[in-house]
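Analysis of the macromolecular model
One letter stands for each residue in the lines below.
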Amino acid sequence: MHDENKDLAPLRGAIEAAEAGPGALVDRVSTLVEQTRGIVAMQTNSALTLMNWHIGHMIDVEVLKQKRAAYDQEIVATLSQQLTGRFGRGFDRTNLTRMVRFTQQFPDLDSVATLSQQLSWSHLKEILPVRTTEARAFYIDQAVSGGLSVRALRDLIGRQGFERKEIANAQTPGGSMVPTDSFRDPYLLDFLGLKDTYAERDLEEAIVRDLESFLLEVGNGWTFVARQKRMTIDNEDFYLDLLFYSRPLHRLIAVELKVGRFKAAHEGQIKLYLKWLDRYERRPDEEPPIGLILCTEASREQIELLEMHKEGIAVAEYWTALPPKAELQQRITEIYRAAQERIARRQ
């Protein structure tokens, strides 16, 4: 049975808050109007998503699974013409096929009902072409937890966020001090606008200047803490490039920026910083700090041999200039496949 009281609960809450709240009448009425519009939009989107799922389910069951596959495209095309004639846009063959794919990829209606309250149909249309269940789950989590716009989600998928996460995870096998899904590799920093020649300080300044874009690139839940964090050890001052805090991981993240290829000597430097942070900056309720070394080129065999993940250290490349989209995706796919091969060899 449909629970009307449950549907009206958000509206009742908005009305009660507006009637009992402080402030001028015009302000309280304005707040009620804005909140009601948001509630209506959310409920409309939820209904649209559920309608599309049921349409896809009906087509899937009555056309594609009833041994009528030889005529499926013809039947879908005819249905599209009929629905378009009655209701106008939104029911072309491409959209109906998308609805069928939606019900096939998300067969559980209860999960779809929950999802419809979190993401718009426009978000889901971006996720449907993603090939694997694991990758789709990743993009849904990123969109929901990060409150991503449709455009931001499209960019994340186009820039292969899932594959880059998996490349980074290839560094952190069992027994790692670096939690799974902490980092990406490579990081795409084309938004910084850096030219061919720049120094580490230029990179650092560009990141701080466009911190919002950088935080979106590194993932959800990072908060900027400090730049050039000073650490005094044996009366000598050391400076960490960037310090962040991750709310999901409940720990500090030390980031060192390097222009050029990764060198084994970089390990000792960031290891010292992590020991200092663990002793002097870590709070009792926090997990141990972890480190990220960002280089223009990773020496992947050296990184694998050093096993820095056991010390809570990861290495990733950053790219400040990107090739055309097709070439970018090809390069990341090649690195991703190589990472999977390394995992297979270890196993």
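All figures in this text were calculated on a predicted structure; none of them were measured in a lab.

Another aspect to go through is the overall build of the protein chain. Within the protein chain, the secondary structure is distributed over 14 helices and six strands. Its C-alpha atoms give the protein chain principal-axis dimensions of about 75 × 65 × 40 Å. Of the contacts formed within the protein chain by residues at least 6 apart in sequence, a portion of 61% connects residues at least 24 apart. Carbon and sulfur atoms form 50% of the exposed surface of the protein chain, whose accessible area is close to 19600 Å². Counting 45 positive and 51 negative side-chain charges, the protein chain places the centres of these two groups 3 Å from one another.

Here helix α9 (residues 161-169) lies mainly inside the structure; eight of its nine residues are buried. Those residues of α9 not exposed but buried are G161, F162, R164, K165, E166, I167, A168 and N169.

What follows concerns helix α8 (residues 150-158). Listed in full, the buried residues belonging to α8 are A152, L153, L156, I157 and G158. In the segment just after α8, Q160 is the residue with positive phi, at about 55°.

If a strand is regular, its side chains alternate between the two faces of the sheet. Summarising burial for strand β5 (residues 290-297): six of the eight residues are buried, a large majority. Across seven bridges, strand β4 (residues 251-261) lies against β5 in parallel orientation. Bridge pairing in β5 places V255 opposite L292. Handedness of the β-α-β unit built from β4, helix α12 (residues 265-280) and β5 comes out right-handed. Across five bridges, β5 lies against strand β6 (residues 313-319) in parallel orientation. Bridging from a neighbouring strand, L292 pairs with A314 of β6. The handedness of the β5 to β6 crossover, carried by helix α13 (residues 300-306), is right-handed.

What follows deals with the nonpolar core. Core analysis: the biggest nonpolar cluster contains 31 residues, and I59, L96, F102, F106, L119, I127 and Y139 have the highest contact counts within it. The set of elements that each furnish at least two residues to this core consists of α2 (25-64), α3 (72-87), α4 (93-105), α5 (109-116), α6 (121-127), α7 (133-146) and α8. Here this core takes five residues from α7, the largest share from any one element. Core analysis: the second largest hydrophobic core is formed by 28 residues, A206, V218, I253 and Y318 among them.

Mapping E267 onto the fold places it in helix α12. Overall, the relative accessible area of 14% leaves E267 in the buried class. Spatially, the C-alpha atoms of E267 and A314 are 9.6 Å apart, while their sequence positions differ by 47 residues.

Its location among the elements puts H123 in helix α6. A polar contact is formed between the side chain of H123 and the side chain of S120, at a distance of 2.7 Å. Beyond its immediate chain neighbours, meaning those up to four positions away, H123 contacts L148, S149, V150 and L153.

Moving on, we come to the packing of aromatic side chains. The geometry of an aromatic ring pair is captured by the separation of the ring centres together with the interplanar angle, meaning the angle of the planes. Per the stated rule, a full pass over the model turns up 10 aromatic pairs. Between F224 and F244, the aromatic rings sit 5.8 Å apart at their centres with planes inclined by 70°, giving edge-to-face as the arrangement. In this pair, F224 sits in strand β2 (residues 222-233) while F244 sits in strand β3 (residues 236-246), placing the two residues 20 residues apart along the sequence. Note on F244: relative accessible area 0%, which makes it buried. Grouping aromatic residues by their ring pairs yields a cluster made of F183, F214, W222, F224 and F244. Over the face of the ring belonging to W319 we find R331, whose NZ or CZ atom lies 4.2 Å from the ring centre.

Let us look at unusual backbone geometry. Of note, the amide linkage connecting D185 to P186 takes the cis form, showing an omega dihedral of 0°. As for its placement among the helices and strands, P186 is situated in the loop between α9 and β1 (187-188). Despite not being glycine, Q160 shows a phi value in the positive range, around 55°. Along the polypeptide, Q160 turns up in the loop between α8 and α9. The phi torsion at D234 lies on the positive side, around 55°, for a residue other than glycine. Considering the arrangement of structural elements, one finds D234 in the loop between β2 and β3. A residue is classified by how much of its surface remains accessible, and D234, at 74% relative accessible area, is exposed.

Reading the values: rules and limits
Residues numbered from 1 in each chain as written. Predicted model: local features only at pLDDT ≥ 70, side-chain atom pairs only at ≥ 80, totals over all residues. Heavy atoms only, no water. Helix = DSSP H or I, 4+ residues; strand = E, 2+ residues; numbered from the N terminus. Contact = heavy atoms within 4.5 Å. Areas by Shrake-Rupley, 256 points an atom, 1.4 Å probe, with all protein chains shown as cover. Lys, Arg positive; Asp, Glu negative; His and termini not counted. Charge placed at Lys NZ, Arg CZ, Asp CG, Glu CD. Buried < 20%, exposed > 50% of the residue type's maximum accessible area, 1.4 Å probe, protein only. Pairing = 2+ DSSP bridges. Right-handed = clockwise from strand over helix to strand, strands pointing away. Core = buried A, V, L, I, M, F, W, Y, C linked by side-chain atoms within 4.5 Å. Polar contact = N/O pair within 3.5 Å; in protein donor to acceptor, adjacent residues only side chain to side chain. Phe/Tyr/Trp six-rings, centres within 6.5 Å; stacked < 30°, edge-to-face > 60°. Lys NZ or Arg CZ within 6 Å of the ring centre and 35° of its normal.

Coordinates in, geometry out; function isn't part of it.
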